[in-house]
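The residues making up each chain are set out below.
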Amino acid sequence: MSHLSDIPEKPVVGIPMPHESATLHVTGAALYTDDLIHRTKDVLHAYPVQVMKAHGRITALRTEPALAVPGVVRVLTGVDVPGVNDAGMKHDEPLFPDEVMFHGHAVAWVLGETLEAARLGAAAVEVELDELPAIVTVQEAIDTESFHGARPLMETGDTDAGFADSAHVFTGEFTFAGQEHFYLETHAALALVDENGQLFIQSSTQHPSETQEIVSHVLGVPSHEVTVQCLRMGGGFGGKEMQPHGFAAVAALGAKLTGRPVRFRLNRTQDLTMSGKRHGFHSSWKIGFDAEGRIQALDATLTADGGWSLDLSEPVLARALCHIDNTYWIPNARVAGRIAKTNTVSNTAFRGFGGPQGMLVIEDILGRVAPLLGLDPMELRERNFYRPGQGQTTPYGQLVTQADRISGVWEQVKKDGGIADRKREIAAFNAAHPHTKRAVALTGIKFGISFNLTAFNQGGALVLIYKDGSVLINHGGTEMGQGLHTKMMQVAATTLGIPLHKVRLAPTRTDKVPNTSATAASSGADLNGGAIKNACEQLRERLQQVAGSQLGGNASDVRIVEGVARVLGSDRELAWDDLVRTAYFQRVQLSAAGFYRTEGLHWDAKSFRGTPFKYFANGAAATEVEVDGFTGAYRIRRVDIVHDVGDSLSPLIDIGQVEGGFVQGAGWLTLEDLRWDTSEGPHRGRLQTQAASTYKLPSFSEMPEEFHVTLMENATEEGAVFGSKAVGEPPLMLAFSVREALRQAAAAFGPSGVSVELASPATPEAVYWAIEEARQGGASRNGQVHHGAAVNGHAGNGVAAGADTADGRVLADAKALNGA
């Protein structure tokens, strides 16, 4: 067992315990960024001047009317920026733009004594615009060749030869929607200038170091003049990885210019209309299978909807390409990627970071073609799994070392969920109920853990032991409700060998741990846990030297367990508090900076080859649904999940993450339907789903009636902190099973062997149209082409339809659909 994964005697990790702030959360006592204004005097309020057109050049910006509004103190514009007028890392996001790039783009900010004064001031600002044509959808971007950023190409094997050897070839197109983060806490920041003229910024950010960097270059000051703190976030999900920086810069600029604290917080509608979403994608594909249904070749193009600026679109696209294989070995592949430039909000990170989009493409393909191949979808998936001991690599060249876990979690779900018996029960139910159908689908996941950019795979920590034996830990990760802080306290207590109550955690801030990576890519526990363990090991080694001298033994024989130091083979002992006090009087350093870097990573972005991931997280989920044939309405009857988290650092936290990730994934795939005005009218480009009243989120009514989550046992991950694995993002993709179950239930309304398409999100309307397609015979195996209908304007899916060719192979010629 590796040093990093070795677990000592009587560890605190692995023990189920509640979130460290759970009591504060449920009592309302937990403080968030915007709560801090009540503890700050003379706060000014910032409010955006939004332009409600999708695209146009600003020809006039008149702020004088705003200054005449009572309570307005100042209007911030581009002329006020002392440094660089840009809020992005790609220098393509002007903080104060002279060209409006999306409907609701903020071009100036008003500071007022009250929020209402600032709002009225913003309404009084006069903006004149020379309107320009706007590209709203990814299909429009493709048609006009509006792209930006890198165009990666991933290749492996000989794709042409693979298709030549294929007994069955299918082609198709598939467009699927993005997703709104809808965190409970919207974007917020509070900036003030301290007595030394330095800026202190409280920000709801997943990346405090990058917020610090952006603020410093906007203000034209070095980073050591800016401190950013994140107390906690009321949700982030990736939406606060890149996009808080500009908002924090607005507050910081206002504080610097006025000398007063400046508070910034978006209301819900502003947050929905100004901040980025999960990237929607368009995919076109061609896939070949041998006579047994094993994939021989894949040729695909993935187009991500980047929005108006690049943000994180390039790494999101790269991860999508890296995950198009999911759990399946594809010996010959050619997958191209590109980023559409549209006049919508700049899309950004969202839990899974492109991985779900890539995996959805292959899962959609297999779900559509299984009936055309005469195979049960479950069987088709199993036949294509990566196999242990075969030396199989991903299309980008990384060896898949734990292929046994892909089939391991799959088989456990089948067994624990009684899938075989339930499939027979479902068949009997469907035969007896012509207007209601049930189906159960099983899907698996293989998700790579690490940042795509190797340099980001590092973490830092600062651990302090005080004379009374209490311990304060600082690390670079941020807490957004995912339980990272809970795990880090358990890691510290385990490494030092002390009870958990001895450990306290300080808020994340840039003057304690510098140059940190974002809390993202599911790497928070790996990176920061490794750094905390490193710092605590330094301290433990120093204290073992002290204990050895006090107890009359060698330091290497000292063990600190449950707050008591003992020498192996001796009855003598020394309590932790006494040990620390003794160390202080012996002038032993009681603080340590820890550091961790993920080893074994390599990535060449140009050739799109390497080993970008430390390991893969695996899981499998079976979902049973019931669908009404008259309306398309459905309910989730049962979910069974087995997920691989290695040796769990905190099982209660991890199960909560699996449950929450699954539900959020189901929301993306079945409910959450982002709509923009695509008309040529005056509101073109306007987000139409601007509130919870029009954007449907998962609620209690969508929860499965039975929900079984099991963590894989005996799953130690060598080379990760205490043998654990990341858990934040991978469970979201378990929700593919919901969508595939809906597809199969819809197909059950038609003849045997029917293949149906399903839009994403698979709303009840989309399911209804899939049912209608099934009743009409769908894309059946007899070679007849049927056109499925896009729902409410979603050009969602192509058609996989069989057509006999001269050489006897089956060619599916998919037609893109542009409207219902």
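As shown above, the structure is provided for reference.
I will try to describe carefully the structure that is included in this document. Everything quoted here is computed from the prediction, not taken from an experiment.

**With respect to the sheet that holds strand S24 (residues 591-597)**
Line of reasoning, step 1. If you trace the four strands from one edge of the open sheet to the other, you get S19-S18-S17-S24, paired in mixed fashion. Each of the sheet's edge strands pairs with one partner strand only, and the pair in question is strand S19 (503-505) and S24. Averaged over all neighbouring strand pairs, the angle between strand axes comes to 25°, with direction disregarded.
Line of reasoning, step 2. In this structure, strand S17 (residues 458-465) lies alongside strand S18 (residues 471-475), joined through five bridges in antiparallel fashion. If you follow Leu 462 over to S18, its bridge partner there is Asn 474.
Line of reasoning, step 3. Across the face of the sheet, helix H14 (residues 484-496) comes into contact with S18 and S19 while running at roughly 130° to S18.

**Digging into the sheet that holds strand S4 (residues 99-100)**
Line of reasoning, step 1. Taken in spatial order, the three strands line up as S4-S2-S6 in an open sheet, and their pairing is antiparallel. Strand pairing shows two members of the sheet lacking a second neighbour, S4 and strand S6 (126-131), which therefore form its edges.
Line of reasoning, step 2. Here strand S2 (residues 56-62) runs beside S6; their pairing, made up of six bridges, is antiparallel. Residue pairing for S6: Arg 57 is matched across the bridge by Asp 130.

**Digging into the environment of Glu 126**
Line of reasoning, step 1. Note on placement: Glu 126 falls in strand S6.
Line of reasoning, step 2. As a C-alpha pair, Glu 126 and Ala 66 span 60 residues in sequence and 8.6 Å in three-dimensional space.
Line of reasoning, step 3. Contact partners of Glu 126, with chain neighbours within four places excluded, come to Ala 60, Leu 61, Arg 62 and Pro 65.
Line of reasoning, step 4. Within polar-contact distance, the side chain of Glu 126 engages the side chain of Arg 62 at 2.8 Å.

**What to know about unusual backbone geometry**
Line of reasoning, step 1. Cis geometry is found at the peptide bond from Ser 760 to Pro 761, where omega equals 15°.
Line of reasoning, step 2. Structurally, Pro 761 is set in the loop between helix H18 (736-747) and helix H19 (764-775).
Line of reasoning, step 3. Positive phi, close to 55°, is recorded for Asn 515, a residue that is not glycine.
Line of reasoning, step 4. Looking at the element boundaries, Asn 515 is found in the loop between strand S20 (508-509) and helix H15 (524-551).
Line of reasoning, step 5. One non-glycine residue, Ala 521, adopts positive backbone phi at about 60°.
Line of reasoning, step 6. With respect to the secondary-structure elements, Ala 521 resides in the loop between S20 and H15.
Line of reasoning, step 7. We classify Ala 521 as buried; its relative accessible area is 10%.

**A closer look at the packing of aromatic side chains**
Line of reasoning, step 1. Counted by the stated rule, this structure contains 19 aromatic pairs.
Line of reasoning, step 2. Relative to Trp 308, the ring of Phe 102 has its centre 6.1 Å away and its plane inclined at 35°; by these criteria the two rings are tilted. Separated by 206 residues along the polypeptide, Phe 102 in the loop between S4 and strand S5 (105-112) and Trp 308 in the loop between strand S14 (295-307) and helix H9 (313-322) bring together distant segments of the chain.
Line of reasoning, step 3. The exposure class assigned to Phe 102 is buried, which follows from its relative accessible area of 4%.
Line of reasoning, step 4. By relative accessible area, which is 10% here, Trp 308 ends up buried.
Line of reasoning, step 5. Both rings, one in Trp 109 and one in Phe 247, keep their centres 6.3 Å apart while their planes meet at 70°; by these two values the pair is edge-to-face. With a gap of 138 residues between them, Trp 109 in strand S5 and Phe 247 in helix H7 (residues 244-258) connect regions that are remote in the sequence. Across this residue pair, the class does not change: Trp 109 and Phe 247 are buried.
Line of reasoning, step 6. The ring of Phe 182 carries the charged tip of Arg 268 above its face, separated from the ring centre by 4.4 Å.
Line of reasoning, step 7. Here the basic side chain of Arg 438 rests over the ring of Phe 429, its NZ or CZ set 3.7 Å away from the ring centre.

**With respect to the pairing of strand S10 (residues 199-203)**
Line of reasoning, step 1. In terms of burial, S10 is a largely internal element, five of the five residues being buried.
Line of reasoning, step 2. Where burial is concerned, the two faces of S10 agree: the one with Leu 199, Ile 201 and Ser 203 and the one with Phe 200 and Gln 202 are both buried.
Line of reasoning, step 3. In this antiparallel pair of consecutive strands, strand S9 (residues 188-193) and S10, the connection spans five residues, and Gly 197 shows a positive phi of 80°.
Line of reasoning, step 4. As judged from the four bridges shared by S10 and strand S11 (residues 226-230), these two strands associate in the parallel manner. Note that in S11 the partner of Gln 202 across the bridge is Gln 229.
Line of reasoning, step 5. A crossover links S10 with its parallel partner S11, the connecting element being helix H6 (residues 208-219), and its sense is right-handed.

**Some remarks on the pattern of salt bridges**
Line of reasoning, step 1. Scanning all chains against the criterion turns up 51 salt bridges.
Line of reasoning, step 2. A salt bridge links Asp 577 to Lys 502; the shortest N-O distance between them is 2.7 Å. You can see Asp 577 sitting in helix H16 (residues 576-585) and its partner Lys 502 sitting in the loop between H14 and S19, a full 75 residues away along the chain.
Line of reasoning, step 3. A salt bridge links Arg 581 to Asp 578, with the shortest nitrogen-to-oxygen separation between them at 3.0 Å. In this pair, Arg 581 and Asp 578 both sit in helix H16, three residues apart, roughly one turn of the helix.
Line of reasoning, step 4. One network of salt bridges, in which partners are shared, links Glu 363, Asp 364, Arg 368, Arg 381, Arg 739, Glu 740 and Arg 743.

**Remarks on the side chain of Lys 446**
Line of reasoning, step 1. Checked against the element boundaries, Lys 446 lands in strand S16 (residues 436-449).
Line of reasoning, step 2. Accessibility expressed as a relative area gives 1% for Lys 446, which makes it buried.
Line of reasoning, step 3. Excluding anything up to four places from it in sequence, Lys 446 contacts His 323, Asp 325, Asn 326, Thr 327, Met 359, Tyr 386, Thr 394, Val 400, Ile 406, Phe 616, Ala 617 and Asn 618.

**Re the side chain of Thr 342**
Line of reasoning, step 1. Tracing the backbone shows Thr 342 in the loop between strand S15 (333-341) and helix H10 (355-369).
Line of reasoning, step 2. Side chain to side chain, Thr 342 and Asp 305 meet in a polar contact 2.8 Å long.
Line of reasoning, step 3. Those residues in contact with Thr 342, other than ones at most four positions away along the chain, are Ile 135, Val 136, Thr 137, Val 138, Ala 141, Asp 305, Gly 307 and Trp 308.

**Quick word on the packing of H6 against H7**
Line of reasoning, step 1. Relative orientation of the contacting elements H6 and H7 amounts to 45°, with a least axis distance of 9 Å. Accordingly, the angle class assigned to the pair H6 and H7 is oblique. Taken as a pair, H6 and H7 cross one another with a handedness that is right-handed. Counting all contacts with H6, which are made through Glu 210, Thr 211, Ile 214, Val 215, Val 218 and Leu 219, the residues of H7 involved are His 245, Ala 248, Ala 249, Ala 252 and Leu 253.
Line of reasoning, step 2. Grouping the amino acids of the contact of H6 with H7 by side-chain chemistry returns eight nonpolar, two polar and one charged.

**Structural notes on H10**
Line of reasoning, step 1. Counted at 1.5 Å a residue, the expected span for H10 with its 15 residues is 21 Å, and the 22 Å between its end C-alpha atoms agrees.
Line of reasoning, step 2. Across the 15 residues of H10, 15 count as buried, placing the element largely inside the fold.

**Description of H16**
Line of reasoning, step 1. Within the sequence span of H16, burial applies to Trp 576, Leu 579, Val 580 and Ala 583. All buried residues of H16 lie within an arc of 95° about the axis, which places them on one face of the element.
Line of reasoning, step 2. Remark: Arg 587 follows H16 within two positions and exhibits a positive phi of approximately 60°.

About the criteria used
Residues numbered from 1 in each chain as written. Predicted model: local features only at pLDDT ≥ 70, side-chain atom pairs only at ≥ 80, totals over all residues. Heavy atoms only, no water. Pairing = 2+ DSSP bridges. Helix = DSSP H or I, 4+ residues; strand = E, 2+ residues; numbered from the N terminus. Axes fitted to C-alpha atoms, helices over the stretch in contact; angles between N-to-C directions. Contact = heavy atoms within 4.5 Å. Polar contact = N/O pair within 3.5 Å; in protein donor to acceptor, adjacent residues only side chain to side chain. Buried < 20%, exposed > 50% of the residue type's maximum accessible area, 1.4 Å probe, protein only. Phe/Tyr/Trp six-rings, centres within 6.5 Å; stacked < 30°, edge-to-face > 60°. Lys NZ or Arg CZ within 6 Å of the ring centre and 35° of its normal. Right-handed = clockwise from strand over helix to strand, strands pointing away. Salt bridge = Lys/Arg side-chain N within 4 Å of Asp/Glu carboxyl O. Parallel < 35°, antiparallel > 145°, perpendicular 65-115°, else oblique. Left-handed = near helix turned anticlockwise from the far one by under 90°. Nonpolar A, V, L, I, M, F, W, Y, C, P; charged D, E, K, R; others polar. Expected span 1.5 Å × (residues − 1). Arc of directions from axis to C-beta.

The values reported here are purely geometric and, on their own, carry no functional implication.
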